[in-house]
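# Close look at the chain arrangement
Okay, here's what each chain looks like letter by letter:
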Amino acid sequence: MEKILPIGEYIEKGINSLEQNLSFLWSAIDDGISWLVENMNDLFLAIPFVIILALIAFIAYYVKAGNKMFTLSGLKKAYGLTIFVILGLLLIYAMGYWEEAIQTTTLVIVSTIIALILGIPFGIWSAKSNTADTVIRPILDFMQTMPAFVYLIPAIFFFSVGNTPGVIATVIFSLPPSVRLTNLGIRNVPGDVIEAGRAFGANENQILYKIQLPLAMPTILAGINQVILLALSMVVIASMVGAKGLGSIVYQGIQQNDIAKGFESGLGIVVLAMILDRITQSIGSKK
Amino acid sequence: MADDNNIRIKVEDLTLIFGKRKKEALELLNQGYSKTDILKKTKCTVGVNKASFEIKKGEIFVIMGLSGSGKSTLIRCLNRLNDPTDGRVYFKEHDITRDSNKQLLDTRRTEMSMVFQKFGLLPHRTILENAAFGLEIRGEPKEQRDEKGMKALKTVGLEGYEDQYPAELSGGMQQRVGLARALANDTDVLLMDEAFSALDPLIKSDMQDELLQIQNKLHKTIVFITHDLDEAMKVGDRIAIMKDGVVEQIGTAEEILTDPATEYVEAFVEKVDRKTIITAETLMFDNPIIVRFKKDGPKAAIRKMREAGVNVLPVEDNDEKFLGYVWLEDMLKLEKEKAKTVESALNTEVPSVYKHYTVEEMLPLITGHHHPLAVVDDEGKLEGIITQTSLIIESTRFDDKEMDKLIGEANEL
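Bear in mind the structure is a predicted one, so any value in this text is a computation, not a measurement.

## Notes on the domain arrangement of chain B
- Annotation of chain B at the domain level lists domain 1 (54-111 + 187-272) and domain 2 (281-412).
- When each unit is reduced to the centre of its C-alpha atoms, the spacing between domain 1 of chain B and domain 2 of chain B is 41 Å.

Pasting the structure below:
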């Protein structure tokens, strides 16, 4: 069939010119992200496994038990997650994928931070302005439904192979929930509370920081939880453009037809996902 | 001008129209079209229709109306939570409707605070932090606002709850926090939008009493919105009755009850328990004919009774102090006995009341005797008298004919 409207060509031309004219920007982003990922990796790997294990177990216990940490009821609430976290991390360590798990976690952390830094302000903006909401909404749909491979190609084009295109692809895929849920959370703040704020002379900033954001926080935290899980689900695809970690082992397993490798690394991702999910969810469900 | 200093809020021709074609709707309104016509022609709703009134310093001004009457819309025009389409709102001498955004925030922060029907508390903050919220918005240092917040909580009787959260308190207590938040700002004007409407009847009545007590101490200027006429009558110094965005009548509870300006107001106040509102002052006959104790003998008394067409008259001494009553039959006896004074027939064991006594308070005083009620001032001087019949008519709402019939029936028995 004949092409009447060659959109692809236009996009390609646009991307080419972006690449050539803004190359300093892309290399700066590349340098920044690579630096962050590598240093964070080195830092985590420099800490002995046992200490990280203890630290994460403590965090899990703390987010569940809260200020009842030293009481029996706190212990009752928190022991399940704590034991699960310890067993899960021991399993990953015992399978011999500790380093890869750290690499994956780093990638998830960096992507999540970037996604939140971009996503929450956009979420606030679209909550405050219906016009912004109308414009941003289809862009989010695009980011979530466009197959990841499609934007991996230009990502490599801009940043060459490595961690950076992996992070960028992960950010694109995992960012939408942070925008959507920040938007939803703020819009759901009861009108009478905001009106009370206005009646006492609160300006827009005071209303945002003293009323809307605190009241929207549980929803925003649910959004952050979603961002983390989506980021984790992107690690295998990110590994195809050179990101290191458990994803790249899965990818190797596929290429080498190695069931054992594939299953182990896959299991590692699942365990990691459950730990991150349960911990962040507990933060969200606290008062 | 001296009188003007007493006026805190002055509203002139205030109009608020909801909808997109406000200008058009306003023009139609000025041409005298009705609310329904305007809605049909422009799809705009007239929320408030040319309201004008003045609120004096230190009074509780109640705006009363059913839902949809525009009362909540109107109160929001006073601090411009709603922007009026037309008309002026003056606070003291300055015109709030022309305030810049910054001036408006200042006015809200320092001149008026508001209490809401749904409380509007911040669930993530403690009671003290909620009470001090207005001060925080104003930018006062933490120590100072905690101190003022505590003082306000004490005023509303919530001492000891400062570290709890709103969800841990009952509705009545939450509204106390709302009231404390408004009081903490120490503003001249308090806007209360159906502040007690969401509360249980008993709690509501408590809160009304408490508001009146607080008002006795603090003398704020309070604008109080309610749909409950009993509440309006109880707390209001003056009441404005609204219907369809129009202020139908403004006056004291008694003025509205005794002299309703429109049919709507009349229908509205019909259901009110008048016994608690109508006072002796309204019911009494002014300047009654009196018998002078030392000067008038039985003859003079009989003549005065015939002139007035009554069979009983009050007696005063030389200092105009009320002494009691003399009855026609006794006077006729004394006349036969050729007595010089009315002293031996004077009934002194008779009830007297002050002007502000309500019908409810006076009713028990008329049982067991036939004497009218004497209305006296602090010094015991007679100001008027109230016949038992008029008191019964007032409390039963029977008209004169029904009363005559009842009396006739009673006599036959």
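## Here's the deal with the UniProt feature "domain: ABC transporter" (unreviewed entry) in chain B
- In the numbering used here, UniProt assigns the feature "domain: ABC transporter" (unreviewed entry) to residues 33-269 of chain B.
- Helix and strand shares over residues 33-269 of chain B are 43% and 22% respectively, and the end C-alpha atoms of the span are 28 Å apart.

## Notes on the interface of chain A and chain B
- Chain A puts 17 residues into the contact, and the matching count from chain B is 25 residues.
- The tally of links between chain A and chain B comes to two salt bridges.
- Between Glu195(A) and Arg76(B) there is a salt bridge, with the nearest N and O atoms lying 2.5 Å from each other.
- Among the elements of the structure, α10 (191-199) and α11 (204-233) of chain A are those that each provide at least two residues to the side of chain A that touches chain B.
- Broken down by class, the residue content of the side of chain A that touches chain B amounts to eight nonpolar, four polar and five charged.

## Focus: the sheet that holds strand β17 (residues 382-386) of chain B
Residues and elements named next belong to chain B.
- Spatial ordering of the open sheet is given by β11-β17-β16-β15, a layout of four strands whose pairing is mixed. Each having just a single partner strand, β11 (285-286) and β15 (352-353) make up the two edges of the open sheet.
- Of the pairings in the sheet, the one linking strand β16 (residues 373-376) to β17 comprises four bridges and is antiparallel in character. Bridge pairing in β17 links Ala374 to Ile385.

## Structural notes on the UniProt feature "domain: CBS" (unreviewed entry) in chain B
- UniProt annotation of "domain: CBS" (unreviewed entry) refers to residues 284-341 and 346-402 of chain B when read in the numbering used here.
- For the annotated span residues 284-341 of chain B, helix accounts for 34% and strand for 26% of the residues, and the straight-line distance between the end C-alpha atoms is 28 Å.

## A few points about the confidence of the model for chain A
- Counting all residues, the mean pLDDT for chain A is 90, and 99% of those residues have values of 70 or more.
- Between the elements of chain A, mean pLDDT differs from a low of 83, seen in helix α7 (residues 148-159) of chain A, to a high of 95, seen in helix α9 (residues 176-187) of chain A.

Each value, and the rule that gives it
Each chain has its residues counted from 1, following the order in which its sequence is written. Note on labels: chains are lettered from A, ligands numbered from 1, in written order. In keeping with the model being predicted, local features are shown solely for residues with a pLDDT of at least 70 and side-chain atom pairs are shown and tallied solely at 80 or more, while totals for entire chains, interfaces and linings include all residues. For the side-chain quantities, the full set of heavy atoms in the structure was used; hydrogens and water were omitted. Annotation comment: domain bounds sourced from an automatic or database domain assignment. UniProt positions are given in the numbering used here, feature names are shortened, and annotations may be inferred rather than shown by experiment. Each helix is a run of DSSP H or I of at least 4 residues and each strand a run of E of at least 2, with the numbering of both proceeding from the N terminus. Working rule for contacts: check all heavy atoms of both residues, and any pair within 4.5 Å makes them a contact. A pair is scored as a salt bridge if a Lys or Arg side-chain nitrogen falls within 4 Å of a carboxyl oxygen belonging to Asp or Glu. Throughout this entry, Asp, Glu, Lys and Arg are counted as charged residues, while Ala, Val, Leu, Ile, Met, Phe, Trp, Tyr, Cys and Pro are counted as nonpolar. The remaining residues, Gly among them, count as polar. Any two strands with at least two DSSP bridges between them are considered paired. The pLDDT value expresses, per residue, how confident the predictor is, ranging between 0 and 100.

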